[in-house]
2 protein chains.
Amino acid sequence: MDERRTVTLDRRLADRRTALSEMRVVIEAIAPQIDDGRFAPKRTPGEPVHVGARIFADGHDVLRAIVADRPAAPGGTDAGAWRATDMTLVSPGTDHWRAAFTVSQPGWHLFRLAAWVDRFQTWRRDLRIKSAAGQRVTLELLEGALLVREAAERAIDASDPAVERAASAADRQWLLLQADLLSDSGADVDRVGIGLSGDLDQLMRRYPDQRQATVSPVLRVWVDRARARVGAWYEFFPRSASPDPARSGTLREAMAWLPRIADLGFDVVYLPPIHPIGRRFRKGRNNRLTAADDDPGSPWAIGSPAGGHDAVDPGLGTIADFVAFRGAAERLGLEVALDLAWQCSPDHPWVTEHPEWFRHRPDGTIAYAENPPKRYQDIYPLDFAGPAWRELWRALLDVTLFWVGHGVRIFRVDNPHTKSLPFWEWLIREVQSRDPGVLFLSEAFTRPAVMRYLAKAGFTQSYTYFTWRNTKAELIDYLAELTQSESAEYLRPNLFANTPDILHAYLQEGGRPAFEARLVLAATLAATYGIYSGFELCEGRAVPGTEEYLDSEKYQIRQWDWNRPGHIQELVCRVNHIRRTRPALQFNDSLRFHDTDNPALVAYSKADPDGRSLILVVVNLDPRYMQHGYVRVPLDRLEQPADLPYPARDLLTGVRYDWRGEWNYVRLDPGIRQAHIIELRHP
Amino acid sequence: MDERRTVTLDRRLADRRTALSEMRVVIEAIAPQIDDGRFAPKRTPGEPVHVGARIFADGHDVLRAIVADRPAAPGGTDAGAWRATDMTLVSPGTDHWRAAFTVSQPGWHLFRLAAWVDRFQTWRRDLRIKSAAGQRVTLELLEGALLVREAAERAIDASDPAVERAASAADRQWLLLQADLLSDSGADVDRVGIGLSGDLDQLMRRYPDQRQATVSPVLRVWVDRARARVGAWYEFFPRSASPDPARSGTLREAMAWLPRIADLGFDVVYLPPIHPIGRRFRKGRNNRLTAADDDPGSPWAIGSPAGGHDAVDPGLGTIADFVAFRGAAERLGLEVALDLAWQCSPDHPWVTEHPEWFRHRPDGTIAYAENPPKRYQDIYPLDFAGPAWRELWRALLDVTLFWVGHGVRIFRVDNPHTKSLPFWEWLIREVQSRDPGVLFLSEAFTRPAVMRYLAKAGFTQSYTYFTWRNTKAELIDYLAELTQSESAEYLRPNLFANTPDILHAYLQEGGRPAFEARLVLAATLAATYGIYSGFELCEGRAVPGTEEYLDSEKYQIRQWDWNRPGHIQELVCRVNHIRRTRPALQFNDSLRFHDTDNPALVAYSKADPDGRSLILVVVNLDPRYMQHGYVRVPLDRLEQPADLPYPARDLLTGVRYDWRGEWNYVRLDPGIRQAHIIELRHP
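Cut-offs and rules
- Residues numbered from 1 in each chain as written.
- Chains lettered and ligands numbered in written order.
- Predicted model: local features only at pLDDT ≥ 70, side-chain atom pairs only at ≥ 80, totals over all residues.
- Heavy atoms only, no water.
- Helix = DSSP H or I, 4+ residues; strand = E, 2+ residues; numbered from the N terminus.
- Buried < 20%, exposed > 50% of the residue type's maximum accessible area, 1.4 Å probe, protein only.
- Contact = heavy atoms within 4.5 Å.
- Lys, Arg positive; Asp, Glu negative; His and termini not counted.
- Charge placed at Lys NZ, Arg CZ, Asp CG, Glu CD.
- Pairing = 2+ DSSP bridges.
- Axes fitted to C-alpha atoms, helices over the stretch in contact; angles between N-to-C directions.
- Buried area = accessible area lost by both parts, 1.4 Å probe.
- Salt bridge = Lys/Arg side-chain N within 4 Å of Asp/Glu carboxyl O.
- Polar contact = N/O pair within 3.5 Å; in protein donor to acceptor, adjacent residues only side chain to side chain.
- Nonpolar A, V, L, I, M, F, W, Y, C, P; charged D, E, K, R; others polar.
- Phe/Tyr/Trp six-rings, centres within 6.5 Å; stacked < 30°, edge-to-face > 60°.
- Lys NZ or Arg CZ within 6 Å of the ring centre and 35° of its normal.
- 1 Å grid on protein atoms, 1.4 Å probe; cavity = no way out; pocket = protein on both sides within 12 Å on 5 of 7 lines; lining within 4 Å.
- Points joined across faces, edges and corners; volume = space filled by probe spheres on them.
- Expected span 1.5 Å × (residues − 1).

Draft legend 1. Inspection of the overall build of chain A at higher detail. Secondary structure summary: chain A contains 17 helices and 30 strands in total. Each principal axis of the C-alpha atoms in chain A carries an extent, and together these give about 105 × 70 × 45 Å. Buried residues in chain A amount to 59% of all 683 residues. A separation threshold of at least 6 residues defines the contact pool for chain A, and within that pool the share at least 24 residues apart is 74%. Separation of charge centres in chain A, based on 85 positive and 91 negative side chains, amounts to 1 Å.

Draft legend 2. Spatial organisation of the sheet that holds strand 21 (residues 495–496) of chain B. Residues and elements named next belong to chain B. Strand order in this open sheet of eight strands is 20-19-18-13-12-11-22-21, and the pairing throughout is parallel. Of all strands in the sheet, those with a lone pairing partner are strand 20 (461–462) and strand 21, marking the two edges. As paired strands, strand 11 (residues 231–235) and strand 12 (residues 268–270) are joined by three bridges and run parallel to one another. Looking at the pairing, tryptophan 233 lines up with valine 268 of strand 12. Strand contacts of helix 11 (residues 389–405): strand 13 (335–340), strand 18 (410–414) and strand 19 (439–443), with the helix running at about 145° to strand 18, the strand carrying the most contacts.

Draft legend 3. Summary view of the interface of chain B and chain A. Each partner contributes to the interface: chain B provides 54 residues, whereas chain A provides 54 residues. Interface area, chain B with chain A, both sides summed: about 4,600 Å², of which 58% is carbon and sulfur. Remark: the boundary between chain B and chain A carries twelve salt bridges. We note a salt bridge from glutamate 143 of chain A to arginine 361 of chain B, for which the minimum N-O separation is 2.9 Å. Taken together, the links from chain B to chain A amount to 16 residue pairs in polar contact (both at pLDDT 80 or more). The set of elements that each furnish at least two residues to the side of chain B that touches chain A consists of strand 1 (25–31), strand 3 (48–57), helix 2 (119–132), helix 3 (138–154), helix 11, helix 12 (421–434) and helix 13 (448–457) of chain B. Residue classes in the side of chain B that touches chain A are distributed as 25 nonpolar, nine polar and 20 charged.

Draft legend 4. Expanded view of the packing of aromatic side chains. Within this structure, the stated rule accounts for 72 aromatic pairs over all chains. Between the aromatic rings of tyrosine 630 of chain B and tyrosine 665 of chain B, the centroid separation amounts to 5.7 Å while the plane-to-plane angle is 65°, which identifies the pairing as edge-to-face. Of this pair, tyrosine 630 of chain B sits in strand 26 (residues 627–632) while tyrosine 665 of chain B sits in strand 29 (residues 663–668), and the two are 35 residues apart along the sequence. Under the relative-accessibility criterion, tyrosine 630 of chain B is labelled partly exposed at 39%. Judged by relative accessible area, which is 39%, tyrosine 665 of chain B ranks as partly exposed. Grouping aromatic residues by their ring pairs yields a cluster made of Tyr234, Phe236, Trp257, Phe266, Phe325, Tyr529, Trp560 and Trp562 of chain A. Seen from the ring of tryptophan 82 of chain A, arginine 70 of chain A lies directly overhead, with NZ or CZ sitting 4.8 Å from the centre. Geometry around tryptophan 108 of chain B places arginine 220 of chain B over its ring, the cationic atom sitting 4.2 Å from the centre.

Draft legend 5. Spatial organisation of empty space enclosed by the protein. Residues and elements named next belong to chain A. A full pass over the atoms with the stated rule returns seven cavities of 30 Å³ or more. Lining the largest cavity are 15 residues, with Asp118, Arg119, Phe120, Arg154 and Asp209 sitting closest to its centre. Listed by contribution, the elements that provide at least two residues to the lining of the largest cavity are strand 8 (107–117), helix 2 (119–132), helix 3 (138–154) and helix 6 (198–206). Split by residue class, the lining of the largest cavity holds seven nonpolar, one polar and seven charged.

Draft legend 6. Seen up close, the environment of phenylalanine 445 of chain B. For phenylalanine 445 of chain B, the location among the structural elements is in the loop between strand 19 and helix 13. If sequence neighbours within four positions are ignored, phenylalanine 445 of chain B has contacts with His417, Tyr463, Thr464, Tyr465, Trp468 and Ile502 of chain B.

Draft legend 7. Helix 16 (residues 569–581) of chain B, seen in detail. An ideal rise of 1.5 Å per residue puts 18 Å on 13 residues; helix 16 of chain B measures up with 18 Å between its terminal C-alpha atoms. In this fold, the buried residues of helix 16 of chain B make contact with strand 11, helix 8 (258–263), helix 15 (505–525), strand 22 (528–532) and strand 30 (675–681) of chain B.

Draft legend 8. The environment of glycine 307 of chain A, seen in detail. Residues and elements named next belong to chain A. Considering the arrangement of structural elements, one finds glycine 307 in the loop between strand 12 (268–270) and helix 9 (319–331). Of the residues examined, glycine 307 reaches a relative accessible area of 10% and is grouped as buried. A C-alpha to C-alpha distance of 23 Å links glycine 307 and alanine 241, two positions 66 residues apart in sequence. Residues within four places of glycine 307 in sequence aside, it is in contact with Pro276 and Pro349.

Here's what the structure looks like:
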C-alpha cells in the first residue's frame, strides 16, 4: 500500500467551521510559510516541500496528523484532489511533527495540515498496556468493537461525492467482521490479539474519524519551471556584434554570436534594453555628460521618436529581427531574457502622450531623476503612485505582455527597488496568472530587507552581493545566508560574476587566475549564475578608482576578438558541462563549507539529490601565488569509512587522486589551475 | 511640546482601505506579537511596550512612522483616542524602527503602526544637500511652498470630527505665512533658511500628510493588574488549622493563621479546593487505596451529597465562613486564591444530575480517570468535547463566576493541560470580559509547547519546572528561557519552591540551608513566587524514594507548630520585605547572570526600572559546605568606574562591604548564611 495514500483529507473539512469544542488539537508554527502565509515559498517541479509544525492536544491521547496537498487549478479555482501524507512525530518533547510532499507543475500549489485525536490508536495503545499488566479488558474490547463499527460505516461513504477516498465494500465487510469478533464471547486473550493485529491497524488508518479534526488554513507554494532554479546566464550587448565600429550591430549580426555562446554551455542569453535610445541629455563615451554626435547612448535611456518600450532600436533592427534572433537562440538551446527598465528618456513617446505618468515641477517641466546632489537629466522616472497610476501600471503590464507575446519568458528587471513595491507584486501576479513560466530576475543592490521583500513579492531570482564577497570569510558568511537561512525559501540567488556596472578590483588586479577563481565560485556555489561578456576574455580594464569598465559598452559600440590570447573559454565550457551533468550543482540547499588549513583555500561540497555522490570544490582565492594545504573531506556526507582509501576524480582535468581519511592534500598553482571540482562517489 | 503628542493618527485611516498604489511603505516583522497577532503579549499598568518593526519603501525618500495606541473601551467598542508616538529608525542597514508606549488600565490595550513617505522631510533633506552643493533651488523653494500650504489646509481640519488632532487657526496662519515667504521673490539663500528652519520643521511634523500611509492591523496587548506580575504566594490547607486532629479545621479557625502569614510578608493566600469531598474510592493516608472511616480524603476529589464545586465542605464551614475568611485576609493585605479543579468524585451531584457531562462505557458506567495501567477510580473526568459540551462549559463558567461573585479574583487551576485547550481560552475570556482583574495560574507540568499554549490562550501565570532546576547550569538555562525568550512576553512564571506534590530531593536531603537557598532563589529570580506551608519550618520528610510528603496533608489532617526549632521565618520575612521595597525584584526582564569562579556559587542581578540601583544576589547552592570565591560584579550595568571603591550593602544582614573593581570576594557558610542580597547604587 502506498504510504502516502493511506488516508485522504475529507473534503468536507475544508468548508466546515469545526465547532470550538471539537478542536482539541492545536497546530502551530507551520513551516514553510513566509510572514505567516502572506507570501509563499518557492519550488520547481520535482522538489520536495518539507513541512513541519508543532501539534499537540490536551491529555495523553494519540494524535494523527496529515499534510494534504494539491496543485491549484489553473484558473485558481478549488478543483483537484487533495493528496494526503501522514506526518510523523519526530520530537515528542517539542511536539514537532513533519512530512514532505513533492510539487509537480508550475503555478500555485496548495497545502494544509489536519490533525485529530485518533481514538482507535489511543484505544490500541491502552489495550496493549492494560493487557500486558494483566488487567481485565472486557469493556475495552467492547469499546474497540464500537470504534471498528464506526470505521466500517465510513468505508461505505464512497457514495458521497464529497469524500475523496477509495472506499471499499470489502473493507467494510472485513471491518464489521472484526467488530463482531471483538465483541464476541470468545476468550479476552484472543480478542486482544484481534484488537492489536496489524491488519486491523492498517485498515483503521484508512478510515479515520476526522470529524473533530483541526484543519490549518490553506498555505501556498509557488512552483516555477526548472529554469528558475538552475541556469547559466550570458549577458551581451547585441550592438557590439557590428563589423563596423561606426554603427550599431544588428540583431541579425548578433545571431552569429549565438553558436559560440551555446558551445560555451550557457542556458540563457540576456540582452540589455533593445529599445530606441533618447537623444536629449544623451551620455557620451565613458559616461561623459555630453555625447558626441556618433555616440549611441545608454540602452537604459529608453525612448525616442522611433518608439518606446515596445519598440526595437532601429540600429538593432525590427521586431521581426528580434523574433528571428529568439528563434535562432532557441534552436541552439538558448533562452533569451530581456531587460525591463521602467524609465524614460526625455524623448520617449509617453512624455508627450502621457505626461500624467510623470511628476511635474512648478514650472511645468517634468522632474528628471536625482540622487541629490547628483542629477540624471537623461532619465525621467515614472510616477508609480501618482494620480494616473492605474493607467500607467496597465501600460507597463501591456508592455510586458507584448514581449511575452513575442516569446520572451525571462525578464531581468532594472532597479526594481526604486519603483513601487506593490506594483511589482501586482505586475508579476498578473503576468504569471497568464503564464506561470515567466521568470523575473530582480536587479536590486540595496538593503537586505528590501531585496528580500522583492523576492517575497514575486521575483523569481535576485542579483546578490556576490561580486563584493571575495575573501573566504565573506564567501562562507554570505552563502550561508543565501542558502541556509529562511530567505532561501523564497530568494533564489543568481550569482553574476561581473556586470556592465561592476568590475570588482579583485578582477581588475588579479588577472586570469582571478577570473578562473570567480567563475568556478559563481558556477558551483549557486545553481544559477551568470557572466557579462568579456569575462571569458578576462577583460579587466576599468575607469581608474571605480568598478566601471573602461570604454564601457554601456556608452559606446565595442568590438571583441573572442580568440584573443589569455581567454578562459575552455574552462567556461568545462564548468558548464559539469554543471549540466552533475545534479548536485543544480541545487543550493545542500551547500556546506569545509575546513582547510590555509586561509586562501576555500572548500565546500554539494550532495547529489539522489545521494549517490558528492561534488567537492576547492578554490585558491589567491590569484598571485601557489597555495597548498589540507582539506577536510566530509566523510560523514559520503558515508565513507575513515580507514579506507577512496578515489577523488577532478572533473576539470580528469585526474584521479587516491585519498584516504578526512584530511587530504591539495595544491593549486595560478597559471596551472585555480580550482578543483572533485567528484566523490558513495562507496 | 510633548514629543509623544507631536502627531496623531488620522482616525479616518483606521477604516480606509488604502489604495494599493499608495502603499509605498512596507511594515513587517512587527514585535511584540504572538503567533502573528493570534495571541497577545501581557503587561501590567505602567509597564512599557517596546514596539519594533522593519519599515521601508522603494527609493530613497524620508519615511516617518508612528505607533498609535489606546486602551480598548471596556465594552470592546472602538471608542477612545489613539495616542501617537513617533518611531525612530535605529538601524538603517536593517530598516529596523522602534518606539515605546506605556499601558495603563487592565483590559485590552490596542496598538497599530502607520508609516508614510514624508514628502516635506524628503524635500528638506534634498534642499539642504542641493543648496550646500551650490545648486540653484528656485523651483525647489516653490515646491516647498506647496507642501507647506497643503499642511496649512490640514491645520484647519479640526472642524472635521474624524480628525483627532489639536488643530489651530494660529498654526494655519503661520504656515501660510511661511509658504508665502518660500514662494516670495526674496533671495534664494534667505528662503532656504526659512525652508530649513526648526520651527517650520516642528509644525510640519504636526500636520503630516497621512493620506498614503500604510497602516498595520490593530494588535493587542492584554493588561493585567499589578498582582499578575508581582506577588508572594502562600499555600496552606485550612483544615490543618484544627486544634483537634480528629476533625477538620474550619475556615474560622484558619483565620487565626492569617496574621502570621501577613507578618511573613505574603501577598496571596492560596487554598486547595474547599469543596465537599467524595466518599466512594476515597484515598486514605499516604495515598492508600482504601480510606479509614476517619480519613478526610483528598480535597481534589470534589463533590458529595453536600454539594459540588460551588459548595463549601461542611467540615470547613459555610459560604458565609468563606466570605468572612476572605474579608479577614483582605484586612491584613492578603488576597485569597482558590483552586479550580474541573473533575468530580463519584459522589458529585453532577454525576446524577448531568450524566451527559461524563463519558460512559458500554456497560453504562461512567469512565473514571486512567493513565494506563494506573487507575484513578476516585475521579471522574468531565467530557469537554462530548455532545453536551455547551452546557458543561456554561456550568463551569457559572461556578467560576459564583466565586468571583464572592470576591475571589485569583484562581489556581489544577492540571489545565488535561482539559480541552479551547475551553480555557473561552472561559478566561468570558470571565475577564466581565472583570479584567481576575487572574488564573496554570498548574501544568507538561511539555513546553503545551505550557506555552496555555499561557498564550489566556492564563495569567504558570507554574514552572523551577523545583527541578537545582544546579547552577540548570538555573541559568531555565531562567534565561523564562525571562529572556519570546515566551516572556506572555508566560509569567510563578516559582513555587515546593507544592503538596513536590518535595524535591534537594530539600529532603539538604536541610535548612537548602530551604534557605531555594527561598532566596525563588523570591529573587522571579517577581512572583510561592511556598506551600511547612517550607518555612524546613519540613523535609518524604515518602521514601518519592517527592511526596510523608503524612501528606492531601490525605490527612495535620497539626503544625509554627515555632518549631529550625524554622526560617525571619529569613522569609526579611526576603519578602526586600521584595516589597526594591522594585528591581518586582520585574523579570532585567535578570542577568554573572560569572563566579566557584560552580557552587550562582550570581545574578536585577536592575531597578528607574535605573538607580542594582540588586546583586549570590547564593551558595551547596547546602553542606562553606563555599567561597570571586563574583564578577556587572559594573557596566552600574556605570561604576572600575577603579573606584563602592559600597555593597547586604540587605539581609545590613552589613556593608567595600568593593572595588569587577571581581569581589564572597564567602557563604551553611549555618551562618546561604545567600547575599546586595544592593549596589549608581555612583
